[in-house]
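# Topology and contacts: notes
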Amino acid sequence: GGKMTKAIEVCRALKAAGHRVILIETADYWFCAGRFSSAVDRFVAVPEHKRHGHRAYVDSIKHLIKEEQVDVFVPVAHTIDVHYDAIVKEELSSSCFVWCETSGVCETLDDRFRFLEAVREAGLPVAEQYRVSSSEDVLRLRPKLSKAAEKFILKSIASDPVNRTKFVTHGPIPFHDEARLRTYLQSYNLCSSNPHVVMALLDGKEYCTTGVFRDGQMLAHTVSRSCAEQLHFKHEHHT
């Protein structure tokens with residue numbers, strides 16, 4: 001995640017606290033701006049896991065941690081990549097604190113359907129949702145949801161930065177009109193390897209909330225108004 005602006009912010013904070021800071025990014029982004037920051041003491045390019053396999057990525061980070069005697073590893077990567085950082089956490093055990101969850105927890109957090117089910121099991125209210133893997137799955141919901149008072153949207157369960165705002169331009173799922181519904185579904189890549197979730201569209205203000213925890217203790221927390229691309233963050237005071 002060295003190419004990301006948030007990585008530079010983390011580097012600045014760590015440097016200000018007196019740490020030696022090593023910034024990591026995959027070799028594809030070796031010329032990222034962060035490597036030139038005065039808050040970075042060393043920059044290291046590691047193998048890209050999609051091309052070289054996750055083992056090469058994990059082993060290179062483990063080697064660097066041992067070489068530099070790293071105390072804390074803070075992943076700021078994309079949600080897809082953090083699974084491999086979680087493997088580093090599990091394999092290093094207590095020799096270095098890796099600030100992310102285990103692979104199993106990461107899989108739940110990054111699966112939109114499983115995450116909301118976990119929230120429901122915790123006793124909190126969540127939006128009505130249905131897991132679908134084909135257009136026929138959605139069509140089978142039509143008799144029930146065409147009569148519902150709520151509007152519903154279709155979102156990919158996996159991270160999809162290209163299509164994640166499609167519901168804004170396409171509007172709610174037109175369950176009331178089968179012909180329009182079939183046309184609507186043609187623009188989505190619904191299949192068993194790319195499941196989606198049909199989710200009730202909730203009215204009201206939307207917020208993005210982020211917390212930093214260690215050993216069950218909240219160390220930092222921020223709330224900002226949500227936006228389509230999640231690129232604008234401004235802390236809002238709240239009670």
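Residues numbered from 1 in each chain as written. Predicted model: local features only at pLDDT ≥ 70, side-chain atom pairs only at ≥ 80, totals over all residues. Heavy atoms only, no water.

## Comments concerning the environment of Thr222
- Take Thr222: it is sitting in strand E9 (residues 217–225).
- On the basis of relative accessible area, Thr222 is assigned to the partly exposed category, the value being 32%.
- Each C-alpha atom of the pair Thr222 and Val212 lies 9.2 Å from the other, and the pair is 10 residues apart in sequence.
- Thr222 has contacts with Cys208, Thr209, Thr210 and His235, leaving out every residue within four places of it along the chain.
- One polar contact links Thr222 to His235, side chain to side chain, over a distance of 2.8 Å. (Helix = DSSP H or I, 4+ residues; strand = E, 2+ residues; numbered from the N terminus. Buried < 20%, exposed > 50% of the residue type's maximum accessible area, 1.4 Å probe, protein only. Contact = heavy atoms within 4.5 Å. Polar contact = N/O pair within 3.5 Å; in protein donor to acceptor, adjacent residues only side chain to side chain.)

## Side note on helix H3 (residues 54–68)
- In this model H3 runs 21 Å from its N-terminal to its C-terminal C-alpha over 15 residues, within 8% of the 21 Å that 1.5 Å per residue would give.
- Those residues of H3 not exposed but buried are Tyr57, Val58, Ser60, Ile61, Lys62, Leu64 and Ile65.
- Along its buried surface, H3 packs onto strand E1 (22–26), strand E2 (42–46), helix H2 (49–52), strand E3 (72–73) and helix H4 (82–92).
- Of the residues one or two after H3, Gln69 is the one with positive phi, at around 55°. (Expected span 1.5 Å × (residues − 1).)

## Topic: the nonpolar core
- Counting residues in each nonpolar core, the largest one holds 24 residues, and the members touching the most others are Val138, Phe152, Leu154, Ile173, Phe175, Leu185 and Val198.
- Sorting the residues of this core by element identifies helix H6 (112–121), strand E5 (129–132), helix H7 (135–145), strand E6 (152–156), helix H9 (178–186) and strand E7 (196–200) as the ones contributing at least two each.
- If we skip the residues at most four places from it in the chain, Leu154 touches Val132, Ile173, Leu185, Tyr188, Leu190, His196, Val197 and Val198.
- Core analysis: the second largest hydrophobic core is formed by 19 residues, Val44, Ile61, Ala86 and Ile87 among them. (Core = buried A, V, L, I, M, F, W, Y, C linked by side-chain atoms within 4.5 Å.)

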